[in-house]
Amino acid sequence: MVECCNQIISILEKILLSAGLSVDQPLTSLGLCLSGCEERKSNDELRDLVKSKLPSVGEVAVESDCLGPILSASNSGGIVLIAGTGSNLLLTNPDKTQARCGGLSYLLGDQGSAWWIAHKAVRACILDRDNYKKAPFSINYVWDSVREHFGIEDNREMLKHCYQFFDKPFYAKLTIKLAEGADKGDELCKYLFHRAGEALGKHILAIQSEISPELFKGPLGLPIVCVGSVWKSWRHLQNGFTSILGITTEGETHKLHRFSLIRLTVSPALGAALLAAPTIPRNYTQNSSLLYSFGL
C-alpha cells in the first residue's frame, strides 16, 4: 500500500508540474478510482495514508476503478460491465448500495474477457488436435492465429506461455486476431464471441435481483456502461448477450424490461474527479454514445 501511495503522489506531482503549478499546490479534493480498491477498510487505509503524505490536499476519496465509468455516465447509478483483458461488473444503485460479479482474475473468473476468449480458442485447438474433443467448427484459422501469435508449431510449445513465460495481456491479445477472423466469417471465431456474449450477459443476471427499480425509470432505462476493447466486437457478441437476457428476435420475452448499453466518449478519470468534487457542473449527454438499447 505504501508503494501504491508513492506512485499516486508521483503521478500527481507530474500532473501539477505539467499544468505549470507547484507540487505543493493546495487541492480542495482528490478522487482516486483504482484497480483493486474493492474493500472499504483497505480503501480507507489508503485514503488516510495519502492524506498524511499530502497535507496540501483537502479531501481524498478512494473507490474501485469500476465506479469511475458509472460516475462519468450517470449521477444516479447504473452498471459498469468491463470486458477488456479481464472482466468485472459493478452495480451502483441510487441509494449507493452496490452489488458485484466477477473481478476475480483469470484463475477464478474473467468470463467473457479477451483473456477468456483467447484461452477458449487455444483449448479448442489443443483438444481438437489431441483428438480428445472435436471443436464445433474447423480450427484451421484459429490454430494458424495461435501459431503466429505465440510463435509455436505444436501443442506442447504452448506450455511455456502458460507457465514459465505466462503474460496475461500478451495472451489476451490473441483475441485481436480472433476478432478479425469473426469479421471475415470464420465460424469458430464467431462461436467464441457468441459464447463471450453469453458470459457477459450472465454477469448481469447474477445481480439482477439487486437492481433498484428506480434505475429503469431514466431516459436510457437501466444504464449499462460497457468498458474494454472486447465491446468493439459487439456485433459478434450481441446474439449471445441478448439470448441470455431472454430477448428473442420478436422481442417477446425478456429479463430486463428497459436498458441501454453505452460506451464512454470521455475518460473514466472524469468519474474520479466527479467523485471528489460533486458540485462540478456536468452534462452527461455528452459523455457517452449508445451501443444498444431495449424496451425504450
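Residues numbered from 1 in each chain as written. Predicted model: local features only at pLDDT ≥ 70, side-chain atom pairs only at ≥ 80, totals over all residues. Heavy atoms only, no water.

(A) Spatial organisation of the sheet that holds strand β7 (residues 259–264). Strand order in the open sheet formed by six strands is β5-β4-β3-β6-β7-β8, and the pairing between neighbours is mixed. This sheet does not close on itself; its edge strands, each paired only once, are β5 (98–102) and β8 (288–294). This sheet shows a mean twist of 20 degrees between the axes of neighbouring strands, independent of strand direction. Sheet topology note: the strand β3 (residues 78–83)/strand β6 (residues 222–227) ladder contains four bridges and is parallel. Bridging across to β6, V80 finds its partner in V225. Where helix α10 (residues 187–206) meets the sheet, it contacts β3, β4 (87–92), β5 and β6, and its direction lies at approximately 150 degrees from that of β3. Its contacts with the sheet put helix α11 (residues 234–244) on β3, β7 and β8, and the angle it makes with β8 is roughly 35 degrees. (Pairing = 2+ DSSP bridges. Helix = DSSP H or I, 4+ residues; strand = E, 2+ residues; numbered from the N terminus. Axes fitted to C-alpha atoms, helices over the stretch in contact; angles between N-to-C directions. Contact = heavy atoms within 4.5 Å.)

(B) The arrangement of the packing of helix α5 (residues 114–129) against helix α6 (residues 140–150) in detail. Put simply, α5 and α6 touch, their axes get as near as 10 Å, and they point 115 degrees apart. One way to sum up the angle between α5 and α6 is to call them roughly perpendicular. For the pair α5 and α6, the sense of crossing is left-handed. Where α5 approaches α6, its residues A121, V122, C125 and R129 are matched on the opposing element by V142, W143, V146 and F150. Along the lines of polarity and charge, the residues of the contact of α5 with α6 split into seven nonpolar, no polar and one charged. (Parallel < 35°, antiparallel > 145°, perpendicular 65-115°, else oblique. Left-handed = near helix turned anticlockwise from the far one by under 90°. Nonpolar A, V, L, I, M, F, W, Y, C, P; charged D, E, K, R; others polar.)

(C) Structural detail: a nonpolar patch on the surface. Residues L104, L107 and L108 make up a contiguous nonpolar surface patch of about 370 Å² in total accessible area. The topology assignment puts L108 in helix α4 (residues 105–108). (Patch = residues over 30% accessible without salt bridge, like charges linked within 9 Å, V, L, I, M, F, W, Y side chains within 5 Å. Areas by Shrake-Rupley, 256 points an atom, 1.4 Å probe, with all protein chains shown as cover. Salt bridge = Lys/Arg side-chain N within 4 Å of Asp/Glu carboxyl O.)

(D) Geometry of the side chain of S64. Counting through the fold element by element, S64 comes out in strand β2 (residues 57–64). Here D65 takes part through its side chain, which lies 3.3 Å from a polar atom of the side chain of S64. Non-local contacts of S64, meaning those with residues more than four positions away in its chain, are made with C33, L34, C37, E38 and R100. (Polar contact = N/O pair within 3.5 Å; in protein donor to acceptor, adjacent residues only side chain to side chain.)

(E) Main features of the nonpolar core. If you look at the biggest cluster of nonpolar residues, it comprises 56 residues, and the most contacted ones within it are W231, F241 and F259. Leave out the neighbours within four places in its chain, and F241 touches L81, G197, E198, L200, G201, I204, W231, W234, F259 and L261. The next biggest cluster of nonpolar side chains, apart from the first, holds 14 residues, and it includes L16, L30, L32 and V62. (Core = buried A, V, L, I, M, F, W, Y, C linked by side-chain atoms within 4.5 Å. Buried < 20%, exposed > 50% of the residue type's maximum accessible area, 1.4 Å probe, protein only.)

(F) Structural view of unusual backbone geometry. In the Ramachandran plot, K96 falls in the positive-phi region, its phi being about 80 degrees despite a non-glycine side chain. Considering the arrangement of structural elements, one finds K96 in the loop between β4 and β5. Looking at K96, the relative accessible area reads 64%, which means it is exposed. The backbone of S105 sits at a positive phi, close to 70 degrees, despite the residue not being glycine. Using a relative accessible area of 33% as the deciding quantity, one classes S105 as partly exposed.

(G) Quick look at the pairing of β2. Judged by how many residues are buried, β2 sits mostly within the fold: six of eight residues are covered. Taken together, the seven bridges between strand β1 (residues 27–34) and β2 define a ladder with parallel strand orientation. Each bridged residue has a counterpart across the sheet, and for L34 the counterpart in β2 is S64. For the crossover that starts at β1, traverses helix α2 (residues 40–53) and ends in the parallel β2, the hand is right-handed. (Right-handed = clockwise from strand over helix to strand, strands pointing away.)

(H) Broad picture of α10. Given a rise of 1.5 Å per residue, 20 residues ought to cover 28 Å, and the 29 Å separating the end C-alpha atoms of α10 matches this to within 8%. At the N-terminal boundary of α10, the capping side chain belongs to D186, with an oxygen 3.3 Å from the backbone nitrogen of L188. (Expected span 1.5 Å × (residues − 1).)

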